[in-house]
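# Architecture and fold: a report
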Amino acid sequence: MTLTPRLALMLTLPPLLWAGNAVVGRSVGPLVPPLLLNAMRWTLAFLLLVPLARTLLQDLAPLRQRWGYFALTGLLGMGCYNALQYQALHSSTALNVTLIAASLPVWMLAVGALLHQVWPTRRQLAGAALSLIGVALVISRGRLDRLAQVQFVVGDLLMLLAVLCWAFYSWLLARPPAHMQGERRPDWDWAGLLMAQLLFGLGFSWASAGAEQAMGAAPVQWGWPLAAALVYVAVGPSLIAYRCWGLGVAQAGPTLAAFFGNLTPVFAALMSAAMLGEWPSWFHGAAFALIAAGILVSSAKRA
């Protein structure tokens, strides 16, 4: 696959928007419970999609035939990943969360090999190893010799689980189940495909938000800051990023796309410093360098 400037831009825009999502999610943590934020985000995105998803609304038969597939992608992509990320931001920083997400290529390679017999190349393995070392630097706070004694904060573990969910989600986009691969794709545009996932993802999101409220979550503190944050997370990281990511994964494949996802912590570091005053340490810079090296090594063509 040739990496054209257009494709590179398509794969770079989602990490930029997702970095903003992490920073905004961290900043509104005192204003709204994390699972409720996720449910409200996708509800607003759903309402914005209604005028755009005419192809789905005019032909619901494919949705009924493939409901299991869309329920699973809705659960992993909307119901799990973002909810776990917002929960992680309550005990971990935006920079740490996005750097832990940089382990995505490792999980993408593992899922591809185990479920789809897509075996990684040596360059991809080397790139994934560099990314993992960068993540280890962050988790150990720059002391790799302390990894055996590292005590994860809850947010770190939640983000690792979220990344695993996203790896399965991305492979489902690129490789639907075998019984669907011979079927004709529905005549839906991107908005229809996203709404098909949202129809199920919203159910999972609100069910988890309801459980959160039942367990005594703090009340929502409404105001312009929260309203502005909701608009951003519903439009940028949801609609625009998911559209670009879906196109990018389809053209470049899930594995190469995952390495571009590692740009998220770079953008998050800049935004965190500017908006939250969470300045990076030396090991964050070293992690950035390792992540960039992983992208270059994994995407380089064999001589």
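Note: the structure precedes this text.
The shown structure was predicted, so the numbers you read here are calculated from the model rather than taken from an experiment.

This part takes up the packing of aromatic side chains. Using the criterion set out here, one finds 6 aromatic pairs in the structure. A ring pair is formed by Tyr-81 and Trp-166, whose centres lie 4.9 Å apart and whose planes are at 45°; its orientation type is tilted. Here Trp-166 lies in helix α9 (residues 154–174) and Tyr-81 lies in helix α5 (residues 67–88), a separation of 85 residues in the sequence. Under the relative-accessibility criterion, Tyr-81 is labelled buried at 14%. Measuring from ring centre to ring centre gives 6.3 Å for Trp-166 and Trp-245, while their planes differ by 45°; the resulting arrangement is tilted. Taken together, the residues span a long stretch of sequence, with Trp-166 in helix α9 and Trp-245 in helix α12 (residues 224–252) at a distance of 79 residues. The structure contains a cluster of three or more aromatic residues connected by ring pairs, namely Trp-18, Tyr-81, Trp-166, Tyr-169 and Trp-245.

Here we take up the packing of helix α1 (residues 5–27) against helix α14 (residues 264–275). Direction vectors running N to C along α1 and α14 enclose 40°, while the axes themselves pass 8 Å from each other. Taken together, the axis directions place α1 and α14 in an arrangement best described as oblique. Regarding α1 and α14, the two cross each other, and that crossing is right-handed. For the pair formed by α1 and α14, the contact residues are Thr-12, Pro-15, Leu-16, Trp-18, Ala-19, Gly-20 and Val-23 on the first element and Thr-264, Phe-267, Ala-268, Met-271, Ser-272 and Met-275 on the second.

This paragraph deals with the nonpolar core. With 71 residues, the main nonpolar core has Met-159, Trp-166 and Tyr-242 as its most contacted residues. By residue number, the principal contributor to this core is α12, which donates 11 residues. Residue contacts for Tyr-242: discarding those within four places in its chain leaves Trp-18, Arg-41, Trp-42, Gly-77, Met-78, Asn-82, Trp-166, Tyr-169, Leu-194 and Pro-237. Ranked by size, the runner-up nonpolar core spans 7 residues in total, among them Leu-95, Leu-99, Ala-287 and Ile-291.

Attention now goes to the packing of α1 against α12. Where α1 meets α12, the axes come as close as 8 Å, and the angle between the chain directions of the two elements is 150°. One way to sum up the angle between α1 and α12 is to call them roughly antiparallel. Handedness of the crossing formed by α1 with α12: left-handed. Of the residues belonging to the contact of α1 with α12, the class tally is 21 nonpolar, 5 polar and 1 charged.

Cut-off values and rules
Residues numbered from 1 in each chain as written. Predicted model: local features only at pLDDT ≥ 70, side-chain atom pairs only at ≥ 80, totals over all residues. Heavy atoms only, no water. Phe/Tyr/Trp six-rings, centres within 6.5 Å; stacked < 30°, edge-to-face > 60°. Helix = DSSP H or I, 4+ residues; strand = E, 2+ residues; numbered from the N terminus. Buried < 20%, exposed > 50% of the residue type's maximum accessible area, 1.4 Å probe, protein only. Axes fitted to C-alpha atoms, helices over the stretch in contact; angles between N-to-C directions. Parallel < 35°, antiparallel > 145°, perpendicular 65-115°, else oblique. Left-handed = near helix turned anticlockwise from the far one by under 90°. Contact = heavy atoms within 4.5 Å. Core = buried A, V, L, I, M, F, W, Y, C linked by side-chain atoms within 4.5 Å. Nonpolar A, V, L, I, M, F, W, Y, C, P; charged D, E, K, R; others polar.

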